[in-house]
Amino acid sequence: MRALLPSLGLVLVLLACGGSTSPNVTTGDGGTTTITGTPCSVEGVTGTFPGVKISIRSDKCRYAVGEPAKFTYVVTTDSSAPPIVTAASMSCGSCRAFTDDPMAFTGYVISGTAPDGKTQQYCVCDTGCCAPDQAGSIKLTPATKTGVIEWSGRNWYGPSDTGNKEGAFFPPGSYGVHVSFGGGTGSVSATLPIEIVP
């Protein structure tokens, strides 16, 4: 079992939505925000890694239980981003090909705690055991790269090396779409709050 997602230290959330308002909800970092209609986004979030910004966008912030969702995230890097030093792994590797593409250092997870106290999570976190990572130094290419999260609304931790199937649907509650870039000693993390309704 191998976790792929960089550390998800929450740094800054800038939420932009349009349409009719909904109740306030608690976000993953302990703050509150108001989920509104369509569309919704967090824009240009920065963190402790220079030269990297993350945005997350979706057609809406509120979904019914079992409703599929699509989230688009954009990672922008510029020439001020310092080289990233990668460490050699002692056993299983991260299952990533570390290159000058910023997406090689970016991961996501949809998660939160349901009203009954149970953790809900969807990510490609467990892909099984891969070849060991090699040590190196990588300079990111200045670029704007786009990724898409296609979500079934279910719990899942990744396929592992046993073909794990997706689990139950997220129950009604307040959750977050977290996108994180991690490299060396710094990181950038953005969270788009979403709501699941009956």
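Residues numbered from 1 in each chain as written. Predicted model: local features only at pLDDT ≥ 70, side-chain atom pairs only at ≥ 80, totals over all residues. Heavy atoms only, no water.

**Observations concerning the environment of Gly 183**
For step 1, the next point in the chain: Relative to the helices and strands, Gly 183 resides in strand β13 (residues 173-183).
For step 2, the next point in the chain: Judged by its relative accessible area of 5%, Gly 183 falls in the buried class.
For step 3, the next point in the chain: Sequence separation of Gly 183 and Thr 48 is 135 residues, and the distance between their C-alpha atoms is 9.9 Å. (Helix = DSSP H or I, 4+ residues; strand = E, 2+ residues; numbered from the N terminus. Buried < 20%, exposed > 50% of the residue type's maximum accessible area, 1.4 Å probe, protein only.)

**Looking at the side chain of Ser 180**
For step 1, the next point in the chain: In this structure, Ser 180 sits in strand β13.
For step 2, the next point in the chain: Side-chain polar atoms of Ser 180 contact the side chain of Ser 189, separated by 3.2 Å. (Polar contact = N/O pair within 3.5 Å; in protein donor to acceptor, adjacent residues only side chain to side chain.)

**Observations regarding the environment of Val 85**
For step 1, the next point in the chain: Tracing the backbone through its elements, the reader meets Val 85 in strand β8 (residues 84-86).
For step 2, the next point in the chain: Taking relative accessible area as the criterion, Val 85 reaches 61% and is therefore assigned exposed.
For step 3, the next point in the chain: Contacts of Val 85, omitting those with residues within four sequence positions, involve Gly 136 and Ser 137. (Contact = heavy atoms within 4.5 Å.)

**A short note on the sheet that holds strand β6 (residues 62-64)**
For step 1, the next point in the chain: Taken together, five strands build an open sheet; the order of strands is β6-β14-β13-β9-β10 and the sheet is mixed. In the strand order of this sheet, the two ends are held by β6 and β10 (119-122), each with one partner. Averaged over all pairs of adjacent strands, the angle between strand axes in this sheet comes to 30 degrees, irrespective of strand direction.
For step 2, the next point in the chain: Direction of pairing for strand β9 (residues 106-113) relative to β10: antiparallel, over a ladder of four bridges. Bridged to Gly 112 within β10 is Gln 120. (Pairing = 2+ DSSP bridges. Axes fitted to C-alpha atoms, helices over the stretch in contact; angles between N-to-C directions.)

**Quick word on the pairing of β9**
For step 1, the next point in the chain: Burial analysis of β9 places seven of its eight residues in the buried class, which makes it a mostly covered element.
For step 2, the next point in the chain: As paired strands, β9 and β13 are joined by six bridges and run antiparallel to one another. What sits directly across from Gly 107, in β13, is Ser 180.

**Re the pairing of strand β4 (residues 40-45)**
For step 1, the next point in the chain: Both β4 and strand β5 (residues 52-58) contribute to a ladder of four bridges, which runs antiparallel. Along β5, the bridge assignment pairs Ser 41 with Arg 57.

**Looking at the confidence of the model for the protein**
For step 1, the next point in the chain: Of the residues in the protein, 75% reach a pLDDT of 70 or more, and the chain-wide mean stands at 79.
For step 2, the next point in the chain: Contacts from residues 1-37, a stretch scored under 50 in pLDDT, to residues over four places away or in other chains number 107 contacts. (pLDDT = per-residue confidence, 0-100.)

**Describing the packing of aromatic side chains**
For step 1, the next point in the chain: Going through the model one piece at a time under the given rule, you end up with eight aromatic pairs.
For step 2, the next point in the chain: Centre to centre, the rings of Tyr 63 and Phe 71 are 5.9 Å apart; their planes meet at 70 degrees, and the pair counts as edge-to-face.
For step 3, the next point in the chain: Taking relative accessible area as the criterion, Tyr 63 reaches 3% and is therefore assigned buried.
For step 4, the next point in the chain: Ring geometry for Tyr 73 versus Tyr 108: centroids 6.4 Å apart, planes at 45 degrees, classification tilted. Remark: Tyr 108 occurs in strand β9 and Tyr 73 occurs in strand β7 (residues 69-77); sequence separation between them is 35 residues. For the pair Tyr 73 and Tyr 108, one class covers both residues: buried. (Phe/Tyr/Trp six-rings, centres within 6.5 Å; stacked < 30°, edge-to-face > 60°.)

**Examining the state of the cysteines**
Here a disulfide denotes one covalent bond, and it connects the sulfur atoms of two cysteines.
For step 1, the next point in the chain: Considering all chains together, one arrives at two disulfides under this definition.
For step 2, the next point in the chain: What pairs with Cys 40 in a disulfide is Cys 61, and their sulfur atoms sit 2.1 Å apart. Here Cys 40 is found in strand β4, whereas its partner Cys 61 is found in the loop between β5 and β6, with 21 residues between them in sequence. We note that Cys 40, like Cys 61, is buried.
For step 3, the next point in the chain: Put simply, Cys 123 and Cys 125 are joined by a disulfide, and their sulfur atoms are 1.9 Å apart. Between Cys 123 and Cys 125, the S-S dihedral sits near -130 degrees, and the bridge is therefore left-handed.
For step 4, the next point in the chain: With relative accessibility at 13%, the residue Cys 125 sits in the buried group. (Disulfide = S-S within 2.5 Å.)

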